[in-house]
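Here's the letter readout for the chains.
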Amino acid sequence: MDLSRHKAFILLPVCITTIFTSELLSAEPPLVIDAKSHQVEGKKVFETAFSAHANPTEFTLLFDLKLQKQSSGRYWNVFINDQDLGRLEANTRQVGADKKADGFQRVGYTVPAEVLKTGENTLAITGKGQPAAVRNFVLDPRPLKQALQLGTVTVKVQTPEGQPVPARLTVVNASGELPHLYNASQPTTAVRPGILYTLGTGDTFELPPGGYTLYATRGMEWGYDKQSIVVNYDQRQSHTMVISREVDTTGFIACDSHIHTLPGSGHGNATFEERMITIAGEGIEVAVATDHNHISDYRPFQKSTGTQSHFHAISGDEVTTRNGHFTAFPLDSDKAVPGGVKGRNPLFLENDDWGELIADMRLKGAEVIILNHPYWPSIPDGPFGRFRFNRRTGNRGEGPEFNFNGYEVVQPANKIPDFFYALEDWMSLLNRGSKLSAVGATDSHTVNDPVGQARTYLKSTTDKVSEIVPREVYDAFTQGRAVASAGIFADLKLQGQYQMGDLVPVNAIHADKKTGSKLTATLRVASPSWVQPREAMIYVNGKQVAHQTIKTKSNQPTDQTLSFPLELPPHDAYVVAFVLGDGITLPGWTTYGKASQAITNPIFLDVDGDGKYSAPRETAQRLIAKSQKKDGSFSPVQRKALLDSSAVKADAAILLHVQDLLSQETSNDRDE
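Residues numbered from 1 in each chain as written. Predicted model: local features only at pLDDT ≥ 70, side-chain atom pairs only at ≥ 80, totals over all residues. Heavy atoms only, no water.

Caption draft 1: Structural view of the nonpolar core. Ranked by internal contacts, the top residues of the largest apolar core, which has 64 residues, are Y298, L494, L523, F564, L566 and V579. Core analysis: the second largest hydrophobic core is formed by 45 residues, F419, L436, Y539 and I599 among them. (Core = buried A, V, L, I, M, F, W, Y, C linked by side-chain atoms within 4.5 Å. Buried < 20%, exposed > 50% of the residue type's maximum accessible area, 1.4 Å probe, protein only.)

What follows is the structure, given as structure tokens:
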């Protein structure tokens, strides 16, 4: 007996029955569950009962959603009869969005077969997330693709040479919002509304009918591509987007030293696998895992996602207390975390003694320790504010020694009035004698927030990820051979050869025959075509001594080397550069503030020829000691003569610290 023939006869009635049932159900009118508008926020949830028939096939729940701020770690989830259909995702409005649009988007959730029952059913939105509004709940008796009339889009991202390249795809609808992407391909993608991180080889997603704009980006070293598309129901379309490197960072590697995952930190929304794709998609070459009081190892997830060649991973920890947060690395993920025990720790450690914690970080192997976002959650409540930081002198009214290696001067979480604020505080600490590197880091907890939007460019002998030397990474942070950056790359040199972190000896400082200047600073400024640097400033001992306007061309990369003739300071000094540019409104990389920037770490000048650098406060102490009597006392005449001397008045930072030291002596005399 030919069983194959009988199988065909058996299958044919089954297929006809299935098709007939599907058509019958789709012919039924959609069921309006609730047309009113409802808020879900705080402890206020949404729940309603409705009558329906059992669903032998897949149905779709449709409603309008307005949720414009992404949640982190906690979400609103949609349930029918206790069946979890999915969570609410933010449809974030982009810069330039249609102001007339009400912010609602029609979204759909699959209701699997047999979830509904004949009779009374329950629809609920419960959990805890950002405030949301929902309305117009409808049960459609068709599968999701039919109910939303979805069309299929496939996108590849490649270089001009045709090689696939990791990137971030950002999809914006006609109202300037990020639409939900349905049925996006897995597993080498990271997907959120309007966002798909890809390795570039070709990924597919579905959209409701309408006009959209696609953007492909890969961080601040790359250009972007933009394409307009029209999606129609049940039609497939394919696009290839081409991006190229526009910023040459030879001799430097891009590092984000502050990155989180949901499994490691307990909040955020990026899985380990998604985080690997986002790091690769933003062009970061050194990624430090810094989950809260937990040491994560990215390497197994790099292997599973095929991202080993895209970045070098370092295990670290964000040592988190209510008294401040620290990044510490490298650390061994198999050993106990600093300040805690092996395994997962609470979000906040009970011990908030910086001295003890930093000693423990060093004991457990940390070569680099960075104070994170010192102005978070606000200037008064951050570590600087709580320790009564004096912005002029760099002194602290109370609190521990600043014995870490640097702090995040360029950071999205820093709540500051302008970008000069953090720069000025950092230079006040340098003037006081603290040797702290300026660091740029993102603190990204989600797929949505681009890793490396703030980053640190580290001096390196190699530009190949496979050849990165961990020791060079650590030394670049601790020795200040680095640039803190957000959208702009900068590289400062003195006398054509001395670089960030170097000490310039007195015999290298000579007069320029043309200008009569003793010093020449050169500053290379580079940015992609979608970032416009506007001004470059040179500071000596915290004082701006030179300024140039940067002339850029619209939609063209910037790569200029500016020259600054500088007067030789009267005493040892440091030189830094600050570059400021426009804020970035490009979808997918819109800046957290209203500007882009770069801050170079110091180059030190040994003006007095003693073979070392002395900070302004140390120089002030030496000048005071020379002017004092043998018994250490001062007459009023001597004090005035010191304050009026050319040696003191020639440098504002030294004058400030002489005044501060003398006022302290006077205060001590009164106390006695």
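Caption draft 2: Up close: the layout of surface pockets. Taken as a whole, the largest pocket encloses approximately 1,400 Å³ of empty space. As for the largest pocket, its lining consists of 40 residues, of which K69, Q70, D443, T446 and D449 are closest to the centre. Partitioning the lining of the largest pocket into residue classes produces eleven nonpolar, 22 polar and seven charged. By volume, the second largest pocket amounts to about 580 Å³. Along the wall of the second largest pocket there are 22 residues; nearest its centre are E89, H180, L181, Y182 and N183. By residue number, the principal contributor to the lining of the second largest pocket is strand β6 (residues 105–111), which donates four residues. For the lining of the second largest pocket, a count of residues per class yields ten nonpolar, seven polar and five charged. (1 Å grid on protein atoms, 1.4 Å probe; cavity = no way out; pocket = protein on both sides within 12 Å on 5 of 7 lines; lining within 4 Å. Points joined across faces, edges and corners; volume = space filled by probe spheres on them. Nonpolar A, V, L, I, M, F, W, Y, C, P; charged D, E, K, R; others polar. Helix = DSSP H or I, 4+ residues; strand = E, 2+ residues; numbered from the N terminus.)

Caption draft 3: Inspection of the sheet that holds strand β11 (residues 189–192) at higher detail. With antiparallel pairing, five strands are arranged side by side in an open sheet as β11-β12-β10-β14-β15. Each edge of the open sheet is held by one strand with a lone partner, namely β11 and β15 (225–231). In this sheet, neighbouring strand axes are inclined to one another by 20° on average, regardless of whether the strands run parallel or antiparallel. Relative to strand β12 (residues 195–198), β11 runs antiparallel, the two sharing four bridges. By the bridge assignment for β12, T189 is matched with T198. Strand contacts of helix α4 (residues 272–281): β10 (167–173), β11, β12 and β14 (210–217), with the helix running at about 95° to β11, the strand carrying the most contacts. (Pairing = 2+ DSSP bridges. Axes fitted to C-alpha atoms, helices over the stretch in contact; angles between N-to-C directions. Contact = heavy atoms within 4.5 Å.)

Caption draft 4: Layout of the pairing of strand β8 (residues 132–140). Most of β8 is tucked away: seven of the nine residues are buried. Where strand β1 (residues 31–40) meets β8, seven bridges bridge the pair, whose relative direction is antiparallel. Among the inter-strand pairings, H38 is bridged to a residue of β8, identified as V134. Examined bridge by bridge, strand β3 (residues 59–66) and β8 share six bridges and lie antiparallel to one another. Bridging across to β8, L62 finds its partner in V138.

Caption draft 5: Representation of the sheet that holds strand β33 (residues 558–566) in the model. The four strands are arranged β28-β27-β30-β33 in an open sheet whose pairing can be described as antiparallel. Only two strands of the sheet have a single partner each, and these edge strands are β28 (498–499) and β33. Sheet topology places strand β30 (residues 519–527) next to β33; nine bridges connect them, and they run antiparallel. Residue L519 lies in a different strand from β33, and its bridge partner there is L566.

Caption draft 6: Geometry of the confidence of the model for the chain. Here the chain shows a mean pLDDT of 91. Residues at 70 or above account for 93%. The low-confidence segment residues 1–26 (pLDDT under 50) makes eight contacts with residues lying over four places distant or belonging to another chain. (pLDDT = per-residue confidence, 0-100.)

Caption draft 7: Structural detail: empty space enclosed by the protein. Under the counting rule described, the total for this entry stands at one cavity of 30 Å³ or more. Considered as a void within the structure, the largest cavity measures approximately 60 Å³ in volume. As for the largest cavity, its lining consists of Q70, S71, Y75, L88, E89, A90, P193, N269 and N448. Taken together, the residues of the lining of the largest cavity break down into four nonpolar, four polar and one charged.

Caption draft 8: Region of interest: helix α10 (residues 616–627). Taking 1.5 Å of rise per residue, twelve residues should cover 16 Å, and α10 covers 17 Å from first to last C-alpha, within 8% of that figure. Within α10 the residues assigned to the buried category are P616, R617, T619, A620, L623 and I624. Down the axis of α10, the buried side of the element spans an arc of 155°, and every buried residue falls inside it. (Expected span 1.5 Å × (residues − 1). Arc of directions from axis to C-beta.)

Caption draft 9: Representation of the pairing of strand β7 (residues 119–127). Pairing of strand β2 (residues 46–52) with β7 involves seven bridges; the strand directions are antiparallel. Residue S51 lies in a different strand from β7, and its bridge partner there is E120. Sheet topology places strand β4 (residues 76–80) next to β7; five bridges connect them, and they run antiparallel. Bridge assignment links N77 to a residue of β7, and that residue is T126.

Caption draft 10: Quick peek at the packing of aromatic side chains. Counted according to the given criterion, the structure contains 23 aromatic pairs. By way of ring pairs, the aromatic residues F326, W354, Y375, F384, F387, F389, F402, F404, Y407 and Y421 are connected into one cluster. Over the face of the ring belonging to F104 we find R135, whose NZ or CZ atom lies 3.7 Å from the ring centre. The ring centre of Y421 lies 3.7 Å from the NZ or CZ of R391, which sits over that ring. (Phe/Tyr/Trp six-rings, centres within 6.5 Å; stacked < 30°, edge-to-face > 60°. Lys NZ or Arg CZ within 6 Å of the ring centre and 35° of its normal.)

Caption draft 11: Examining unusual backbone geometry more closely. The linkage connecting Q186 with the following residue, P187, adopts the cis geometry, with an omega of 5°. Looking at where P187 falls in the secondary structure, it is placed in the loop between β10 and β11. With omega at 5°, the peptide bond leading from W376 into P377 counts as cis. Within the secondary structure, P377 sits in the loop between β22 (368–371) and α7 (383–386). Phi is positive for N136, close to 55°, though the residue is something other than glycine. Positive phi values are uncommon outside glycine, yet N183 reaches one of about 50°. Mapped onto the elements, N183 comes out in the loop between β10 and β11.

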